[in-house]
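Observations on chain architecture
The residues making up each chain are set out below.
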Amino acid sequence: MSEPTETGAARPIDLRSDTVTRPTPAMRRAMAEAEVGDDVYGEDPTVNRLEQRAAQILGKEAGLFVPTGTMGNTIGVKLHTRHGEEVICEARSHLINYELSMLAWFSGCLARPIHALDGILTWAHIIPEIRPHGPHWAPTGLIELENTNNLAGGSVYPPEVFEEICDGAHKLGLKVHLDGARIFNAATYLNRPVDQLAAKADTVMFCLSKALGAPVGSLLVGTAEAIARGRLYRKRLGGGMRQVGVLAAAGLIALEETPQRLGEDHENARLLAGALARIPGITVPHRVETNIVIFDVERTGLTGAQFSARLKARGVLINAVGGTRLRLLTHYDVSRADCERAAEVLAEVAAGHA
Ligand SMILES: Cc1ncc(COP(=O)(O)O)c(C=O)c1O
């Protein structure tokens, strides 16, 4: 178990998501001391600093602070598409599975999902799915890629695969939006600067509130022109925030300080994946590259939901993701010792001792 709560109760080991992190003391201090202004007037100096730093680190002209990754993706799709077009994406993408069909609702687009075994699309997957303008079909308006691919187990795009897709799309006049909610995890895995991974994408959304550990917030980065238009879509979506420098201040710390330590989360994920693979009845159906592990408990005779409930009763939180599968994520609020303890509990539940 993690350290006790203020009431003295043991805190569960929370591996449900990397969104569950609590702000660090440095983030809380920065939030308390943040210099603020009205961001709808462009007058919040802390937000302005965050947007500029995000754009600089990602190698783009401009950035837009949005409350959520969903809003960042929604604006990214809207910027590059027109009503009645199709968006090509991987079948497990967050965009089409967990964003309340915003691409249809806000942008009037259809998804054209393509399944890739490891969640990593290639240009060869995409070419046959591109639809030209014509009398019978919705033309392709955008290609959306997710790096890392969350529901494929945090898989990472090899840079040359990603670049080939962007080059191919651009030759056809198509744009590429990158859902880089966990792009810093991909950069850590590849040991490359994040701007190299973002270079060929037209817009990139990344989350401060996931592996980077900020309490709230995501960024959309791209050309100055695209981001200026995006600012208006943000307002339409109800995302015009005022003295939001209090949140941007925590985001700046997440952006500057957390990427350096993501390797620890990846090591912890590998530790858990190794332990899971040794437990009779459990399989890990993918390579573990970053901070996400998906595992299958079919041969324990339990459903994912039953397994999750038994873990919870023993102080370990891991969500089921359908059928007999569960998904865990490591993050800075779980230590190596927490992961070792979680591995013991996983083995006990699988053995039917819980
Ligand atoms: C890959 C990916 N994209 C986008 C999002 C959406 O982020 P938010 O929950 O901030 O809307 C998530 C959230 O988990 C995600 O995992």
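Residues numbered from 1 in each chain as written. Predicted model: local features only at pLDDT ≥ 70, side-chain atom pairs only at ≥ 80, totals over all residues. Heavy atoms only, no water.

What about the sheet that holds strand 4 (residues 110–114)?
Read from one edge to the other, the open sheet built from 7 strands follows the order 2-8-7-6-5-3-4, with strand pairing classed as mixed. Of all strands in the sheet, those with a lone pairing partner are strand 2 (62–66) and strand 4, marking the two edges. Mean inter-strand twist for the sheet, computed between neighbouring axes without regard to direction, equals 20°. The sheet contact formed by strand 2 and strand 8 (residues 218–222) spans 5 bridges and is antiparallel. (Pairing = 2+ DSSP bridges. Helix = DSSP H or I, 4+ residues; strand = E, 2+ residues; numbered from the N terminus. Axes fitted to C-alpha atoms, helices over the stretch in contact; angles between N-to-C directions.)

Some points on the side chain of threonine 140
Residue position: threonine 140 is located in strand 5 (residues 140–146). Exposure remark for threonine 140: the relative accessible area of 8% places this residue in the buried category. Polar side-chain contacts of threonine 140 include one of 2.8 Å to the backbone nitrogen of arginine 131. Apart from residues no more than four positions distant in its own chain, threonine 140 is found in contact with Glu86, Ile88, Glu129, Ile130, Arg131 and Leu174. (Buried < 20%, exposed > 50% of the residue type's maximum accessible area, 1.4 Å probe, protein only. Polar contact = N/O pair within 3.5 Å; in protein donor to acceptor, adjacent residues only side chain to side chain. Contact = heavy atoms within 4.5 Å.)

Observations regarding the pairing of strand 6 (residues 175–179)
Side-chain positions along a regular strand alternate between the two faces of the sheet. Counting buried positions along strand 6 yields 4 of 5 residues, so the element is predominantly enclosed. Here 5 bridges tie strand 5 to strand 6, and the two strands are oriented parallel to one another. Looking across to strand 6, one finds that isoleucine 143 is bridged to valine 176. After leaving strand 5, the chain enters helix 7 (residues 159–171) and then returns to the sheet as strand 6, a path that is right-handed. Strand direction decides the pairing type here: strand 6 and strand 7 (residues 203–207), joined by 3 bridges, are parallel. (Right-handed = clockwise from strand over helix to strand, strands pointing away.)

Points about the packing of aromatic side chains
Evaluation of the coordinates by the stated rule reveals 4 aromatic pairs. Where phenylalanine 184 meets phenylalanine 206, the ring centres are 5.4 Å apart and the plane angle is 70°; that geometry is what we call edge-to-face. On the criterion of sequence distance, the pair formed by phenylalanine 184 in helix 8 (residues 183–190) and phenylalanine 206 in strand 7 is long-range, its members being 22 residues apart. Take phenylalanine 206: its relative accessible area is 0%, and that puts it in the buried class. Against the face of phenylalanine 106 rests lysine 78, its NZ or CZ located 5.8 Å from the ring centre. (Phe/Tyr/Trp six-rings, centres within 6.5 Å; stacked < 30°, edge-to-face > 60°. Lys NZ or Arg CZ within 6 Å of the ring centre and 35° of its normal.)

Regarding the nonpolar core
The biggest cluster of nonpolar side chains holds 53 residues, and the ones touching the most others in it are Ile143, Phe184 and Phe206. With 6 residues, the top contributor of residues to this core is helix 11 (residues 245–257). Contacts of isoleucine 143, omitting those with residues within four sequence positions, involve Ile88, Trp123, Ile126, Ile165, Ala169, Leu174, Lys175, Val176 and His177. With 28 residues, the next largest nonpolar core counts Leu272, Phe307, Leu328 and Leu346 among its residues. (Core = buried A, V, L, I, M, F, W, Y, C linked by side-chain atoms within 4.5 Å.)

Quick look at the pattern of salt bridges
Enumeration over the complete set of coordinates arrives at 19 salt bridges. A salt bridge links aspartate 39 to arginine 234; the nearest nitrogen and oxygen atoms lie 3.4 Å apart. Here aspartate 39 is found in the loop between helix 1 (25–33) and helix 2 (45–58), whereas its partner arginine 234 is found in helix 10 (residues 224–236), with 195 residues between them in sequence. Of the two residues, aspartate 39 and arginine 234, both sit in the buried class. One salt-bridge network, held together by shared partners, links Glu86, Arg112, Glu129 and Arg131. (Salt bridge = Lys/Arg side-chain N within 4 Å of Asp/Glu carboxyl O.)

Some remarks on the site of the ligand
Taken together, 13 residues are adjacent to the ligand, and Gly69, Thr70, Asn150, Asp179 and Lys210 come closest. Threonine 70 has a polar side-chain atom sitting 2.6 Å from an oxygen atom of the ligand. A distance of 2.8 Å is found between an oxygen atom of the ligand and a side-chain nitrogen or oxygen belonging to asparagine 150. A total of 390 Å² of accessible area belongs to the ligand in isolation, and the protein chains cover 84% of it. Cavity membership is defined here by more than half of the atoms lying within 2 Å of grid points; on that basis the ligand lies in the second largest pocket. Split into classes, the residues belonging to the shell around the ligand amount to 2 nonpolar, 6 polar and 5 charged. (Near = heavy atom within 4 Å. Areas by Shrake-Rupley, 256 points an atom, 1.4 Å probe, with all protein chains shown as cover. 1 Å grid on protein atoms, 1.4 Å probe; cavity = no way out; pocket = protein on both sides within 12 Å on 5 of 7 lines; lining within 4 Å. Sits in = over half its atoms within 2 Å of the grid points. Nonpolar A, V, L, I, M, F, W, Y, C, P; charged D, E, K, R; others polar.)

A closer look at helix 3 (residues 69–80)
Between the first and last C-alpha of helix 3 there are 17 Å, a value that for 12 residues agrees with the 16 Å anticipated at 1.5 Å per step. Counting buried residues in helix 3 gives 11 out of 12 residues, a clear majority hidden from the surface. Taken residue by residue, helix 3 has Gly69, Met71, Gly72, Asn73, Thr74, Ile75, Gly76, Val77, Lys78, Leu79 and His80 as its buried positions. (Expected span 1.5 Å × (residues − 1).)

Structural notes on the layout of surface pockets
Roughly 380 Å³ of internal volume is contained in the largest pocket. Lining of the largest pocket is provided by 15 residues; of these, Arg92, Leu117, Ala152, Pro285 and His286 occupy positions nearest its centre. When grouped by side-chain class, the residues that make up the lining of the largest pocket number 8 nonpolar, 2 polar and 5 charged. Taken as a whole, the second largest pocket spans an internal volume of roughly 300 Å³. Lining the second largest pocket we find 20 residues, and of these His94, Asn150, Arg182, Lys210 and Arg327 sit closest to its centre. Of all the elements in the fold, those that place two or more residues in the lining of the second largest pocket are helix 3 and strand 7. Looking at which element gives the most residues to the lining of the second largest pocket, the answer is helix 3, with 3 residues. Looking at side-chain class alone, the lining of the second largest pocket contains 6 nonpolar, 8 polar and 6 charged residues. (Points joined across faces, edges and corners; volume = space filled by probe spheres on them.)

Purely geometric stuff here, so don't read any function into it on its own.
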